[in-house]
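Report on the structure
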Amino acid sequence: VSTAADALPGRARGRCLKQDSTLALLVLAAGLGSRYHGLKQFEGMGPAGHPLLDYSIYDAQKAGFNRIVLVVQAMHRETMTTAIRERLPKGLDLAFATQEIADIPAGSQVSSQRTKPWGTLHAVLSARDIIDSPFAVINADDYYGPQAYQKAAQFLRHHQGAGLGPERYCMVGYPMGETLSAHGGVNRGRCLYQADLLVGVEEIVDIRLQPDGSCQGFDLQGHSVRLDYRDPISMNFWGFTPTIFAHMTDYFRGFLQGHGHSASKECYIPSVVNHVVRQGLAECTLLSSQDTWLGVTHPQDRAAMQDRLHALVRQGTYPENLWSQPIR
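Just so we're clear, the structure is a prediction, and the values are computed from it rather than from any experiment.

Analysis parameters
Residues numbered from 1 in each chain as written. Predicted model: local features only at pLDDT ≥ 70, side-chain atom pairs only at ≥ 80, totals over all residues. Heavy atoms only, no water. Helix = DSSP H or I, 4+ residues; strand = E, 2+ residues; numbered from the N terminus. Buried < 20%, exposed > 50% of the residue type's maximum accessible area, 1.4 Å probe, protein only. Contact = heavy atoms within 4.5 Å. Areas by Shrake-Rupley, 256 points an atom, 1.4 Å probe, with all protein chains shown as cover. Axes fitted to C-alpha atoms, helices over the stretch in contact; angles between N-to-C directions. Parallel < 35°, antiparallel > 145°, perpendicular 65-115°, else oblique. Left-handed = near helix turned anticlockwise from the far one by under 90°. Nonpolar A, V, L, I, M, F, W, Y, C, P; charged D, E, K, R; others polar.

In this section: the overall build of the protein chain. Scanning the protein chain for helices and strands turns up seven helices and 15 strands. Every one of the 328 residues in the protein chain was classed for burial, and the buried ones make up 52%. By sequence separation, contacts in the protein chain at least 24 residues apart represent 76% of the contacts at least 6 residues apart. For the protein chain, the exposed area adds up to about 14600 Å²; of that, 48% sits on carbon and sulfur atoms.

Given below as structure tokens:
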């Protein structure tokens, strides 16, 4: 058993929200792509060889996000930071955080045999010392479309620094059926909501489109779940203020008490959002995007992704070379 030193102290608690125009985009880029068998977040997909990450940064900048923070693996940090800095526009406010297995709350005990990071909640916590403004969280290997960034930016600007009542967070949801793969099952977070407020996210795995147009998957207990094509689901696009770091630290500490000796168990963002919402510590608004979400879960999905990005360039949504002119 190994214990990390004071890695995640409670310094985030009571942190003052930075009162300026900064909006940060936190990109989770430390995933291993187990089903895709490669680092798909950095593989060229667009007409000029742009990876999906570039389209996310382009859309985020247009929406007003003016700081980009990428969470990467320690083993790939040097290679990634060099490649990304060389490709992206000069002058971009760009920072990197490393997701380290040993970066855990003080006093927590974990298995010395652990070889993989602790999941998406842990990845967000990796950036707690870099971000002190409202921020959005996305996956590096997903395409969310311009509207998601516009809606998230508008929400975060409107609610920052309110200081009254529960914290106000948000999540951008997409219709279930628009996020499936023709080449195998996918895992998604089904949104439970009342009016426009999220009340929970339920993980559903191995979801597949059925001949009658419905979707079918399994909950984490192995029970079959039938889903409507239009059900909103989470694709891991969140909007937070820095207060989330304290909630995540507390939740992660409890998670490790029960699962610290596991070699594979992971702690996810929806789990802490479910917790703070049910405890009345925060409200999370469900925002809907009319843009098409695109992703590559299986290697066979790559061709359809490339075709769609080429079509978006032809339609004028993006220039062929994203960085050929200043973003307005």
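Past the structure itself, the notes keep going.
As a further point, take the packing of helix H1 (residues 52-63) against helix H4 (residues 146-159). Viewed as axis vectors pointing N to C, H1 and H4 meet at an angle of 40°, and their least axial separation amounts to 8 Å. Regarding the angle of H1 to H4, the classification is oblique. For the crossing formed where H1 meets H4, the hand is right-handed. Facing H1, whose interface residues are Ser56, Asp59, Ala60 and Ala63, H4 presents Pro146, Tyr149, Gln150, Ala153 and Arg157. Split into classes, the residues belonging to the contact of H1 with H4 amount to five nonpolar, two polar and two charged.

Of note, the phi angle at Asp206 is positive, near 50°, even though the residue is not glycine. Relative to the elements of secondary structure, Asp206 occurs in strand E10 (residues 197-209). Overall, the relative accessible area of 29% leaves Asp206 in the partly exposed class. The residue Asn236 is not glycine, and still its phi comes out positive at about 70°.

Now for the environment of Val110. Tracing the backbone through its elements, the reader meets Val110 in strand E5 (residues 109-110). A relative accessible area of 5% places Val110 in the buried class. The spatial distance from the C-alpha of Val110 to the C-alpha of Gly260 is 4.3 Å, given a sequence separation of 150 residues.

Here the focus is the packing of helix H5 (residues 244-259) against helix H6 (residues 269-278). Interaxial distance between H5 and H6 falls to 10 Å at its minimum, and their mutual angle equals 105°. On the basis of the axis angle, H5 is roughly perpendicular to H6. Contacts between H5 and H6 pair His247, Met248 and Tyr251 from the former with Ile269, Ser271, Val272, His275 and Val276 from the latter. Looking at side-chain class alone, the contact of H5 with H6 contains five nonpolar, three polar and no charged residues.

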